[in-house]
Amino acid sequence: MPRVLAAVASIALTVFALADCIQTEDARVRGIPKWAWIVLVVLIPWVGPITWLLVGKDRTGEQSGGAPRPGPMAPDDDPEFLRSLDEQIRRERRERERRERGDGGDPGA
């Protein structure tokens, strides 16, 4: 059973490292050419994939927190949306309080 687990782990590590290597831009590959990394990852179990993951790719600048990513902003990150949501909540509270006091009537009329 331990041999089966080791084999599965080796295959999973190889597949992960191979996919990462293939998807990496050529400019970010360090040390040897990308094709050589692919051969190393595929032909040398454990050592090839681990070496790729540790030293094969320039990983500087991958951390989030740099420039904002392009595309739509999530609603909870959009200050305009949060402001409009706050205004809507306050308006609904005022209307509810007016109805509870009995001096609001039907707001839609």
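Residues numbered from 1 in each chain as written. Predicted model: local features only at pLDDT ≥ 70, side-chain atom pairs only at ≥ 80, totals over all residues. Heavy atoms only, no water.

Draft legend 1. View of the overall build of the protein. What the protein contains, in helices and strands, is 4 helices and 0 strands. The helix and strand sequence of the protein, counted from the amino end, reads α-α-α-α. The proportion of buried residues among the 109 residues of the protein is 16%. Counted over contacts in the protein with a minimum sequence separation of 6, partners at least 24 positions apart contribute 55%. (Helix = DSSP H or I, 4+ residues; strand = E, 2+ residues; numbered from the N terminus. Buried < 20%, exposed > 50% of the residue type's maximum accessible area, 1.4 Å probe, protein only. Contact = heavy atoms within 4.5 Å.)

Draft legend 2. Here's a closer look at a nonpolar patch on the surface. Together, W35, V39, V42, L43, I44, W46, V47, I50, L54 and V55 line one region of the surface with nonpolar side chains, adding up to about 990 Å² of accessible area. Among the elements of the structure, α2 (34-43) and α3 (47-56) are those that each provide at least two residues to the nonpolar patch. Structurally, I44 is set in the loop between α2 and α3. Residue I44 is classed as partly exposed on the basis of its relative accessible area, which comes to 36%. (Patch = residues over 30% accessible without salt bridge, like charges linked within 9 Å, V, L, I, M, F, W, Y side chains within 5 Å. Areas by Shrake-Rupley, 256 points an atom, 1.4 Å probe, with all protein chains shown as cover. Salt bridge = Lys/Arg side-chain N within 4 Å of Asp/Glu carboxyl O.)

Draft legend 3. Here's a closer look at the nonpolar core. One finds A17, C21, V29, W37, V41 and W52 forming the largest nonpolar core, which totals 6 residues. If you list the elements that add at least two residues to this core, you get α1 (2-23) and α2. With near-sequence residues (within four places) excluded, V41 lies in contact with T14, A17, L18, G48, P49 and W52. (Core = buried A, V, L, I, M, F, W, Y, C linked by side-chain atoms within 4.5 Å.)

Draft legend 4. Spatial organisation of the pattern of salt bridges. Per the stated rule, a full pass over the model turns up 4 salt bridges. For the salt bridge of E80 with R83, the shortest nitrogen-to-oxygen distance reads 3.2 Å. Taken together, the residues E80 and R83, both in helix α4 (residues 79-101) and 3 residues apart, mark about one turn of the helix. Overall, the relative accessible area of 48% leaves E80 in the partly exposed class. What makes R83 partly exposed here is its relative accessible area of 45%.

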